[in-house]
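Descriptive analysis of the structure
So the chains spell out like this:
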Amino acid sequence: MFSFQQYVLAESLEQAYELNQKKNNVILGGTGWLKLGKKSYGTAIDLSGLGLDQIIETEEEFSIGCMVTLRQIELHKGLNDTFGNACKEAVRHIVGVQFRNLVTVGGSLFGRFGFSDVLTCFLAMDSYVELVGKGVVSLEEFAKMPYDRDVLVRLIVKKDGRKVSYQSFRNQSTDFPVIAVCAAELQNGKKIASVGARPARAVLCSVENEDWTKELTFGSNMRASAEYREFLAKILLQKAWEELA
Amino acid sequence: MKIKFRLNGKMVTDEVVADTPLLEYLRSKGCYSVKRGCETSNCGLCTVLMDGKPVLSCTTLAVRADGKEILTLEGLQKEAEEFGGFLADQGADQCGFCNPGFIMNVIAMTKELEDPTEEEIKEYLAGNLCRCTGYQGHLRAIQAYLEAKQGGIL
Ligand SMILES: Cc1cc2nc3c(=O)[nH]c(=O)nc-3n(C[C@H](O)[C@H](O)[C@H](O)COP(=O)(O)OP(=O)(O)OC[C@H]3O[C@@H](n4cnc5c(N)ncnc54)[C@H](O)[C@@H]3O)c2cc1C
Ligand code: FES
Ligand code: FES
């Protein structure tokens, strides 16, 4: 379990950002990941009081506050109707309902975990993150950025008419994915996919060529070998197109 | 840190050390049904209801209970007894260690899902681990319980 000396319920994003500039301080998401660590922090900064636990849908986009839980994503009708249940499919295997009622979109994206279903899913959409310091950056760019002391305010997902399908393979339900693929067909017919759990930060790639996986690096660990992952990625992409057909 | 919340129907105002997990805090208040079965957020034994939603009390902090309503098995005796009877009918429990968290999540499920399919039941309860059984007795007990509820027997 992680520990800290002081707790601050932030009154504004500016205050949270300022406090977070100190290396020993930490932002609290749903504490799912933090809890696994044994680190001791100075001040824990809670963003719970800033109304960032809402998904706001407009004609053009979804604005998803950083404190929105994965369970909210799973159950949101607008989000799942727009993207063919891809969001639900991406999160429904993560640990259990009780866990998804706690862990957040902010913590999931900021962590940029190499196993992340959440990052893989939103990367295949026209997504942006709003950061207190750097402003709005595309999720594709954010996924490549090194860790810094910024604060993620919200995720913005545009409704641009693309069709999306999420596929993952797990050795066992509720375990980390062995490989995850989120495929999208844009309105102009262009086909792209994000591939996560290779296991490395998810990346976006073009999938027009037969041997599209050659551009990517796959790794081996206790769950699967690099070769197996590459093989599965191709199969999952195929399944995604079948679903979208 | 000062917190004020409702625990099993009673208002509680208390001073907590800010990095205390909700689980340890609830046990210190006498809620011994709330147990720790793992260190990795995987077993579900520590499940409590926070504003009606099932959450892992091992994974969240006591300060996050501020302003909320928390229910543990101690506050849900009627529902627990009702469902417990169905578990007993099936002889579902072996050591019974997984039981409190499991019952909490079954109660949460019956509040949230209307007439769930077998697949939906399994998915809702995937975060509750049992080391002894093969879950089959549990599943039968849930199905019988749901049927009894729908048939107006409960
Ligand atoms: C046992 C286990 C299994 C898991 N399995 C999966 C899986 O199969 N698939 C999957 O995709 N994910 C999985 N996850 C990851 C999980 O879904 C969450 O992504 C993770 O817990 C982080 O979210 P959180 O809200 O708990 O963040 P926290 O643990 O609270 O925070 C994580 C990090 O992000 C920082 N942070 C949080 N919010 C912000 C913010 N708004 N701005 C800046 N920094 C912030 C924190 O300071 C911390 O460094 C798993 C996690 C665990 C513990
Ligand atoms: S103690 Fe195992 S999930 Fe909370
Ligand atoms: S009956 Fe022993 S852990 Fe479930």
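Residues numbered from 1 in each chain as written. Chains lettered and ligands numbered in written order. Predicted model: local features only at pLDDT ≥ 70, side-chain atom pairs only at ≥ 80, totals over all residues. Heavy atoms only, no water.

Attention now goes to the interface of chain A and chain B. Every contact between the two is made by 27 residues of chain A and, on the other side, 28 residues of chain B. For the pairing of chain A and chain B, the buried interface totals around 2200 Å² over both sides, and the portion due to carbon and sulfur atoms is 56%. Three residues, K35, Q98 and L102 of chain A, lead the burial of chain A against chain B; their summed loss comes to 29% of the area buried on that side. At the boundary of chain A with chain B, the tally comes to 3 salt bridges. Across the pair R71 of chain A and E112 of chain B runs a salt bridge, and its minimum N-O distance is 2.6 Å. On the surface where chain A and chain B come into contact, there are 12 residue pairs in polar contact (both at pLDDT 80 or more). For the side of chain A that touches chain B, the elements supplying multiple residues, two or more each, are strand 1 (3-9), helix 2 (70-75) and helix 5 (97-100) of chain A. Split into classes, the residues belonging to the side of chain A that touches chain B amount to 12 nonpolar, 10 polar and 5 charged. (Contact = heavy atoms within 4.5 Å. Buried area = accessible area lost by both parts, 1.4 Å probe. Salt bridge = Lys/Arg side-chain N within 4 Å of Asp/Glu carboxyl O. Polar contact = N/O pair within 3.5 Å; in protein donor to acceptor, adjacent residues only side chain to side chain. Helix = DSSP H or I, 4+ residues; strand = E, 2+ residues; numbered from the N terminus. Nonpolar A, V, L, I, M, F, W, Y, C, P; charged D, E, K, R; others polar.)

All names here are of chain A. Each domain of chain A was delimited in the assignment, giving domain 1 (3-45), domain 2 (55-158) and domain 3 (163-244). With centres defined by C-alpha atoms, the gap from domain 1 to domain 2 works out at 20 Å. With 14 residues of domain 1 in contact, the opposing surface of domain 2 contributes 13 residues. Across the domain 1/domain 2 interface, buried area totals approximately 1100 Å², and carbon plus sulfur atoms make up 69% of it. The largest contributions to the domain 1 side of the interface with domain 2 come from L13, Y17 and W33, which together make up 42% of the buried area. (Domains from an automatic or database assignment.)

Residues and elements named next belong to chain B. One can read the domain layout of chain B as domain 1 (2-74) and domain 2 (76-150). Spacing between the C-alpha centres of domain 1 and domain 2 amounts to 21 Å. Listed per partner, the contact involves 16 residues of domain 1 and 16 residues of domain 2. Carbon and sulfur atoms supply 68% of the area that domain 1 and domain 2 bury against each other, a total of about 1300 Å² over both sides. Looking only at domain 1, the three residues that lose the most surface to domain 2 are L45, L49 and L73, adding up to 41% of its buried area. Joining domain 1 to domain 2, the criterion identifies 0 salt bridges. Here domain 1 is connected to domain 2 by 6 residue pairs in polar contact (both at pLDDT 80 or more). Ranked by residue count, the leading element in the side of domain 1 that touches domain 2 is strand 3 (residues 47-50), at 3 residues. Looking at the side of domain 1 that touches domain 2 residue by residue, the classes come out as 7 nonpolar, 6 polar and 3 charged.

This brings us to the side chain of T47 of chain B. Mapping T47 of chain B onto the fold places it in strand 3. The buried category is assigned to T47 of chain B, whose relative accessible area is 3%. There is a polar contact of 2.9 Å between the side chain of T47 of chain B and the side chain of Q98 of chain A. (Buried < 20%, exposed > 50% of the residue type's maximum accessible area, 1.4 Å probe, protein only.)

This next bit is on the sheet that holds strand 5 (residues 61-65) of chain A. Residue and element names in this part refer to chain A. One open sheet holds the 5 strands; their spatial order is 4-5-8-6-7, and the pairing between them is antiparallel. The sheet is open, and its two edges are formed by strand 4 (55-57) and strand 7 (135-138), each paired on a single side. The sheet shows a mean angle of 20° between the axes of neighbouring strands, direction not considered. (Pairing = 2+ DSSP bridges. Axes fitted to C-alpha atoms, helices over the stretch in contact; angles between N-to-C directions.)

What follows deals with the packing of aromatic side chains. A complete count under the given rule lists 13 aromatic pairs over all chains for this structure. Measuring from centroid to centroid gives 6.1 Å for F83 of chain B and F102 of chain B, while their planes differ by 45°, and the two rings are tilted. With F83 of chain B in helix 2 (residues 77-89) and F102 of chain B in helix 3 (residues 99-112), this residue pair connects regions lying 19 residues apart in the sequence. By the burial criterion, F83 of chain B is buried, and F102 of chain B matches it. An aromatic cluster is defined as three or more aromatic residues linked by ring pairs; in this entry it consists of W33, F113, F115 and F176 of chain A. Positioned above the aromatic ring of W241 of chain A is the side chain of K191 of chain A, whose terminal nitrogen or guanidinium carbon lies 4.8 Å from the ring centre. (Phe/Tyr/Trp six-rings, centres within 6.5 Å; stacked < 30°, edge-to-face > 60°. Lys NZ or Arg CZ within 6 Å of the ring centre and 35° of its normal.)

All names here are of chain A. In the region of ligand 1, 36 residues are neighbours, and I27, G30, G32, T104 and S108 sit closest. For ligand 1, an oxygen atom lies 2.6 Å from a polar atom in the side chain of T104. Protein burial of ligand 1: of its 960 Å² of free accessible surface, 94% is covered by the chains. Only strand 2 (26-28), helix 6 (105-111) and helix 7 (117-123) provide two or more residues apiece to the shell around ligand 1. Take the shell around ligand 1: its biggest share by element is 4 residues, from helix 6. (Near = heavy atom within 4 Å. Areas by Shrake-Rupley, 256 points an atom, 1.4 Å probe, with all protein chains shown as cover.)

Quick look at the layout of surface pockets now. Reported here for the second largest pocket is a volume of approximately 730 Å³. As for the second largest pocket, its lining consists of 27 residues, of which S48, D53 and T69 of chain A together with M50 and K68 of chain B are closest to the centre. Listing elements by their share of the lining of the second largest pocket, those giving two or more residues are strand 1 and helix 2 of chain A together with strand 4 (53-56) of chain B. Looking at the lining of the second largest pocket element by element, the count peaks at 3 residues for helix 2 of chain A. Grouping the constituent residues of the lining of the second largest pocket by class yields 9 nonpolar, 9 polar and 9 charged. (1 Å grid on protein atoms, 1.4 Å probe; cavity = no way out; pocket = protein on both sides within 12 Å on 5 of 7 lines; lining within 4 Å. Points joined across faces, edges and corners; volume = space filled by probe spheres on them.)

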